[in-house]
Amino acid sequence: MEHYYQPEIECASREQIKAWQDERLVKQVKHVYDNVPYYRKKMDEKGVTPSDIRSTEDLHKLPFITKEDLREAYPYGLVAVPLGDCVRIQSTSGTTGRRVVAFYTQHDLDLWEDCCARAIMAAGGTKEDVVHVSYGYGLFTGGPGLNGGSHKVGSLTLPMSSGNTDRQIQFMTDLGSTILCCTPSYAAYLAECIHEKGMQDEIKLKAGIFGAEAWTEEMRQDIQKSLGIKAYDIYGLTEISGPGVSFECSSQSGMHINEDHFIAEIINPVTGEVLPEGEKGELVFTSITKEAFPLLRYRTRDICVLSREKCSCGRTHVKMTKPMGRSDDMLIVKGVNVFPSQIETVLLNKGYAANYQIVVDRVNNSDTIEVQVEMTPEMFSDSLSQMAEREKELIGALKAMLGIYAKVKLVAPKTIARSEGKAKRVIDKRNLY
Ligand code: DLL
């Protein structure tokens, strides 16, 4: 067994996991209270002191941290160690005006890379593998995280970063990449290009570790089929470290959360009330081992369900479902909650690829939603009446899924821009905020 599969941790008993969490939580709350005046004020306002937190049962007493807090405390307000002890900064792209800057000590980087190493090993990675990392490098956590994890596993690491698809394919075939790490939308695009070049028999990939954006089960099946691999999901967020907060194992049925480092809760996003296991709600994380940027009860906005059911892989850490959308990315169209993942499910079930864009607008005080979908090359040769028939069929299927009318516009193959990082699926023109 390789070093970074850590059965003594990953398959520990629930009692052992709880004991680790209790002990680390108490220490972490004190660390934050003593060193982060911003959070100390929040605790004081709520009348909570570190001595009130004796175990995970007391977690609910602590105040939440939200993206708004991060913005208010930007850039250094939540750092819990002297800046001289920090060795790295990572950041989100900030495309929604919400740049997040996270800080790491060397110890934090080590633990983060351990988490990514676990993810790679859970996808079958060993030191014999060639790990092809096509997540962006730089401020984005995807490249650096998987790169560090791959080193820890001892795999030969290809730090490709994103972009230059021809070069990606060239390296992949020349060097015999066996594990591909990138966003699922980029994996789908790479697969498309590999098939176009007729090079599918020249690639040696056996697995992919795909995350950083929502993707459906249907998209997994498509990617697995077109690349001839097993596709594993990986989840994480900059605020809590980056990729590897949770990852899929061989059972491909939800992602194990690294519970020795992160305590997960599910809350009602409206009331903040903690929900029992098995209920759908917003995921909240408390990082119990981080030194530089330890967030307590951080509201991720990701909606999912937790499950402690026995996993066939033997790991005992709690599993989270794929995020079913974000509470803040959820579209409300004509008063109805619409998640882009619901639309993707319909499209893939109907034989389309995951190349689509959702355009929401408001005309005469009424919301409109249009789904632009790329036809496959085979469909493109359809007659106009066949196309009209296809649009009608999709409108019906979308209505059944969403409960509202969505206009459908079929567009020619390759007209929707491909992404090398996270795909931009939604254009909301309503300016509601
Ligand atoms: O996306 C970290 C990451 C990199 C994860 C590479 C996996 C692989 P951020 O840019 O801070 O960090 O974005 C975090 O992306 O709150 C989710 O909404 C979304 N997200 C991340 N992984 C998944 C996933 C990285 N597997 C935000 N499925 C999170 C669905 C995901 N959404």
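This one's a predicted model, so the numbers in the text were calculated from it and none came from an experiment. (Residues numbered from 1 in each chain as written. Predicted model: local features only at pLDDT ≥ 70, side-chain atom pairs only at ≥ 80, totals over all residues. Heavy atoms only, no water.)

> Hey, could you run me through the environment of Met255 in this one?
With respect to the element layout, Met255 can be found in strand β9 (residues 255-257). With relative accessibility at 1%, the residue Met255 sits in the buried group. Counting along the chain gives 22 residues from Met255 to Asp233, while the straight-line C-alpha distance between them is 7.2 Å. (Helix = DSSP H or I, 4+ residues; strand = E, 2+ residues; numbered from the N terminus. Buried < 20%, exposed > 50% of the residue type's maximum accessible area, 1.4 Å probe, protein only.)

> Explain the sheet that holds strand β10 (residues 262-267) here, please?
Hydrogen bonds along the backbone pair up the strands of a sheet, which may run parallel or antiparallel. If you walk across this open sheet you meet the 3 strands as β10-β11-β12, and the pairing is antiparallel. One side of each edge strand has no neighbouring strand; the edge strands of this open sheet are β10 and β12 (298-304). The average angle at which neighbouring strand axes cross in this sheet is 30°, direction not considered. Two elements, β10 and strand β11 (residues 281-287), share 6 bridges in a ladder whose sense is antiparallel. Looking across to β11, one finds that Glu265 is bridged to Val284. (Pairing = 2+ DSSP bridges. Axes fitted to C-alpha atoms, helices over the stretch in contact; angles between N-to-C directions.)

> I tried to follow the site of the ligand on my own but got confused; where do I start?
The environment of the ligand is formed by 21 residues, the closest being Asp233, Ile234, Thr238, Asp302 and Lys422. A distance of 3.1 Å separates a nitrogen atom of the ligand from a polar backbone atom of Glu213. One of the side-chain N or O atoms of Asp233 is found 2.8 Å from a nitrogen atom in the ligand. For the ligand, whose accessible area on its own is 610 Å², the fraction buried by protein is 93%. A per-element tally of the shell around the ligand places strand β7 (residues 230-237) first, with 5 residues. Of the residues in the shell around the ligand, the class split is 9 nonpolar, 6 polar and 6 charged. (Near = heavy atom within 4 Å. Polar contact = N/O pair within 3.5 Å; in protein donor to acceptor, adjacent residues only side chain to side chain. Areas by Shrake-Rupley, 256 points an atom, 1.4 Å probe, with all protein chains shown as cover. Nonpolar A, V, L, I, M, F, W, Y, C, P; charged D, E, K, R; others polar.)

> Help me understand the nonpolar core, please; the structure alone is not making it clear to me.
Ranked by internal contacts, the top residues of the largest apolar core, which has 51 residues, are Leu62, Leu283 and Phe285. Core analysis: the second largest hydrophobic core is formed by 47 residues, Met172, Cys193, Leu394 and Ile404 among them. (Core = buried A, V, L, I, M, F, W, Y, C linked by side-chain atoms within 4.5 Å.)

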